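A look at the structure
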Amino acid sequence: MKQYVGLDVSQKERSVCVVDQDGKPVFRGRAKSDPGALAALLAKKVPQARRIGFETGAMSGWLWHELRRVTSPDFVEAMQLRGIDWLIVGGGWSAACGAATLKDGVERGTHILLVKNACGSGSPAMHETAVLNMANRLYDGAVCDNGRAVSLIGGGPAQVWRTSLPVPIKFTYESAPRDYAAL
């Protein structure tokens, strides 16, 4: 049975929610912020994980690197060995946390699904241009809104914006709202 994991990242502990391929809850729990404890919990409770998503924020870059460090031999390789081929990115400050997590994942060959309205910025214009800049660097990734992400996490269909080309969106300040809406 396919399982899908959502992680809420905070300083003291992580909330973990797992649903099956039909969207029914399989497990809800918490793990200490220690990446080793989280990795152990995931290995024990979610042996059939297909996708793992966690918010981007001040702790997400650290969590990504630490999960890679404590899992054997490598977080990305461990994801691939379990058949997990997508990392879902959302939450946090678009131009900083989201961009850093996205860049790190792309560099390691991970497919990234950027949830465009699950992150924010100082203004709508800053957010839209940050998301467009991240979309331009996805290289075989995808962008969608949170409704479509929920459908995908549950194993359902959803239309997403995808690219395999570098810098496919040539936008201007004036075109950014229209280009963002098209993602």
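Everything that follows concerns the structure shown earlier in this document.
Here is what the cut-offs are and how they apply
- Residues numbered from 1 in each chain as written.
- Predicted model: local features only at pLDDT ≥ 70, side-chain atom pairs only at ≥ 80, totals over all residues.
- Heavy atoms only, no water.
- Pairing = 2+ DSSP bridges.
- Helix = DSSP H or I, 4+ residues; strand = E, 2+ residues; numbered from the N terminus.
- Phe/Tyr/Trp six-rings, centres within 6.5 Å; stacked < 30°, edge-to-face > 60°.
- Lys NZ or Arg CZ within 6 Å of the ring centre and 35° of its normal.
- Salt bridge = Lys/Arg side-chain N within 4 Å of Asp/Glu carboxyl O.
- 1 Å grid on protein atoms, 1.4 Å probe; cavity = no way out; pocket = protein on both sides within 12 Å on 5 of 7 lines; lining within 4 Å.
- Points joined across faces, edges and corners; volume = space filled by probe spheres on them.
- Buried < 20%, exposed > 50% of the residue type's maximum accessible area, 1.4 Å probe, protein only.
- Contact = heavy atoms within 4.5 Å.

For the rest of this paragraph, the subject is the pairing of strand β3 (residues 25–32). Across seven bridges, strand β2 (residues 13–20) lies against β3 in antiparallel orientation. Looking at the pairing, Arg14 lines up with Ala31 of β3. If you look at the hairpin formed by β2 and β3, you'll find four residues sitting between the two strands, and Gly23 has a positive phi there, around 85 degrees.

Scanning the model with the defined rule gives zero aromatic pairs in all. Note that Lys116 overlies the ring of Tyr180, its terminal NZ or CZ placed 4.6 Å from the centroid.

Tallied over the full model, the rule gives one salt bridge. We note a salt bridge from Arg162 to Asp140, for which the minimum N-O separation is 3.2 Å. Within this pair, whereas Arg162 is found in strand β8 (residues 161–163), its partner Asp140 is found in the loop between α5 (124–135) and β7 (141–144), the two being separated by 22 residues in sequence.

Now for the layout of surface pockets. Considered as a void within the structure, the largest pocket measures approximately 350 Å³ in volume. As for the largest pocket, its lining consists of 20 residues, and the residues nearest its centre are Gly6, Gly53, Ile88, Val150 and Ile153. Listing elements by their share of the lining of the largest pocket, those giving two or more residues are β1 (3–8), β2, β4 (49–55), β5 (86–90) and α6 (146–153). For the lining of the largest pocket, the element with the most residues is β1, which contributes five residues.

Glancing now at the environment of Leu7. When you line up the elements, Leu7 lands in strand β1. On the basis of relative accessibility, which here comes to 6%, the residue Leu7 falls in the buried class. For the pair formed by Leu7 and Gly29, sequence separation is 22 residues and the distance between their alpha carbons is 10.0 Å. Ignoring anything within four residues of it in the chain, the contact list for Leu7 reads Ser15, Val16, Leu38, Ile52, Gly53, Phe54 and Glu55.

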